Amino acid sequence: MTRHFLRDDDLTNAEQSSILDLAVELKRDRFSARPLAGPQTVAVIFDKSSTRTRVSFAVGIADLGGVPLIISTANSQLGGKETAADTARVLERQVAAIVWRTFAQSGLEEMALGTTVPVINGLSDEFHPCQLLADLLTIREHRGQLAGLTVTFLGDGASNMAQSYLLAGATAGMHVRVASPVDYAPTDAVVADARRAAEKTGGSIALYSDPTEAVAGADVVVTDTWVSMGKEEEKAERLTTLGSYRVDTDLMGLAARDALFLHCLPADRGFEVTADVIDGPQSVVWDEAENRLHAQKALMAWLLQQ
């Protein structure tokens, strides 16, 4: 049966660890795996603008011996005359895998249903699982392990990054805290899924409204932009509501002394994070950005072997 990666808990703890192990190997020896040699083609579809996703997948596919076919939905039939399922039926006869950066998670699920090639979520409104593989790889590089670490996400708890941290962190056996206003809390269904995963791995899930409580003693502090694509009309309200969740040196000072700071980028310095934090010694955001390449290469290589 074809394996897909649509959300973080599509992987077990063991599978997640195997992919991260492979990412470490591919970072050490960049061209050691060539599962796309031929070259085979991977379709990379974009509904949303992108820098890191576009570059890391294009470069990663080439590193694996393949050819990236970059498709913009503005210049294709997908989402217009053609359904996601029909598009997948066309593509699967010509490409080795499909990556889609889109809006609705339901579109990815429709595309993957019955498809004979792996479908990868390059980002949706609900989850950003490829980014989480990169984040976990980064944390493991700097801390040597994941299980047992406490990671705190601050800001919009209903964002794709917060929800992916809940699922991926729980799968890794981490203690995941999400701090957000009540109206920006993660969905109940995602929290329930994360708690079920945490029960299997020894991790835990906790929701906070007070950012200082959530950060206290944390090993990793994470935030993301408060105004994601599609939320621009809410900017003024979000800046007001989320203001107390800004990560500054005082807030970082409540975390563990050697705590890491992560941000998936792009960042709005002065809003969700101050410049002295994101550009400071605890920040590992540039390692994190690079690791999109290595983590996604490992993911693609692993999926193609299933």
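Shown above is the structure to which this text applies.
Residues numbered from 1 in each chain as written. Predicted model: local features only at pLDDT ≥ 70, side-chain atom pairs only at ≥ 80, totals over all residues. Heavy atoms only, no water.

S.K.: Where do I start with the sheet that holds strand E8 (residues 220-223) in this structure?
M.R.: Within a sheet, neighbouring strands are paired by backbone hydrogen bonds and run either parallel or antiparallel to one another. If you trace the five strands from one edge of the open sheet to the other, you get E7-E6-E5-E8-E9, paired in parallel fashion. Looking at which strands have only one partner, the edges of the open sheet turn out to be strand E7 (204-208) and strand E9 (260-263). Neighbour to neighbour, the strand axes of the sheet diverge by 20° on average, direction disregarded. Relative to strand E6 (residues 175-179), strand E5 (residues 150-154) runs parallel, the two sharing five bridges. Its bridge partner being in E6, Leu154 is matched across the sheet by Ala179. Contacting E5, E6, E7, E8 and E9, helix H6 (residues 160-171) runs over the sheet at an angle of about 165° to E6. (Pairing = 2+ DSSP bridges. Helix = DSSP H or I, 4+ residues; strand = E, 2+ residues; numbered from the N terminus. Axes fitted to C-alpha atoms, helices over the stretch in contact; angles between N-to-C directions. Contact = heavy atoms within 4.5 Å.)

S.K.: Honestly, the pattern of salt bridges in this entry has me stumped. Any pointers?
M.R.: For the structure on display, the rule yields 13 salt bridges. Across the pair Asp63 and Arg30 runs a salt bridge, and its minimum N-O distance is 2.6 Å. With Asp63 in helix H2 (residues 52-63) and Arg30 in the loop between helix H1 (13-28) and strand E1 (41-46), this residue pair connects regions lying 33 residues apart in the sequence. Shared partners join several salt bridges into a network, and the residues in it are Arg7, Asp9, Asp193 and Arg196. (Salt bridge = Lys/Arg side-chain N within 4 Å of Asp/Glu carboxyl O.)

S.K.: Is there a simple way to think about the packing of helix H5 (residues 129-143) against helix H12 (residues 285-304) in this case?
M.R.: Packed helices, taken two at a time, are described by the angle their axes make and the gap between the axes. Interhelical geometry of H5 versus H12 gives an angle of 115° and a closest axis separation of 7 Å. The angle between H5 and H12 places the two elements in the roughly perpendicular class. For H5 against H12, the interelement crossing comes out right-handed. Touching Cys130, Gln131, Leu133, Ala134, Asp135, Leu137, Thr138, Glu141 and His142 of H5 are Asp287, Glu288, Asn291, Arg292, His294, Ala295, Gln296 and Leu299, all from H12. Its residues assigned to classes, the contact of H5 with H12 comprises six nonpolar, six polar and five charged. (Parallel < 35°, antiparallel > 145°, perpendicular 65-115°, else oblique. Left-handed = near helix turned anticlockwise from the far one by under 90°. Nonpolar A, V, L, I, M, F, W, Y, C, P; charged D, E, K, R; others polar.)

S.K.: Can you walk me through H1 in this structure?
M.R.: Because each turn of an α-helix spans 3.6 residues, side chains separated by three or four positions in sequence point in the same direction. The terminal C-alpha atoms of H1 lie 23 Å apart, and with 16 residues this matches the ideal 22 Å at 1.5 Å per residue to within 8%. Burial in H1 covers these residues: Glu15, Gln16, Ile19, Leu20, Leu22, Ala23 and Leu26. Taken end-on, H1 shows its buried residues confined to a sector of 160°, consistent with a single buried face. The exposed set on the far side of H1, more than 90 degrees from its buried face, consists of Ala14 and Arg28. (Expected span 1.5 Å × (residues − 1). Buried < 20%, exposed > 50% of the residue type's maximum accessible area, 1.4 Å probe, protein only. Arc of directions from axis to C-beta.)

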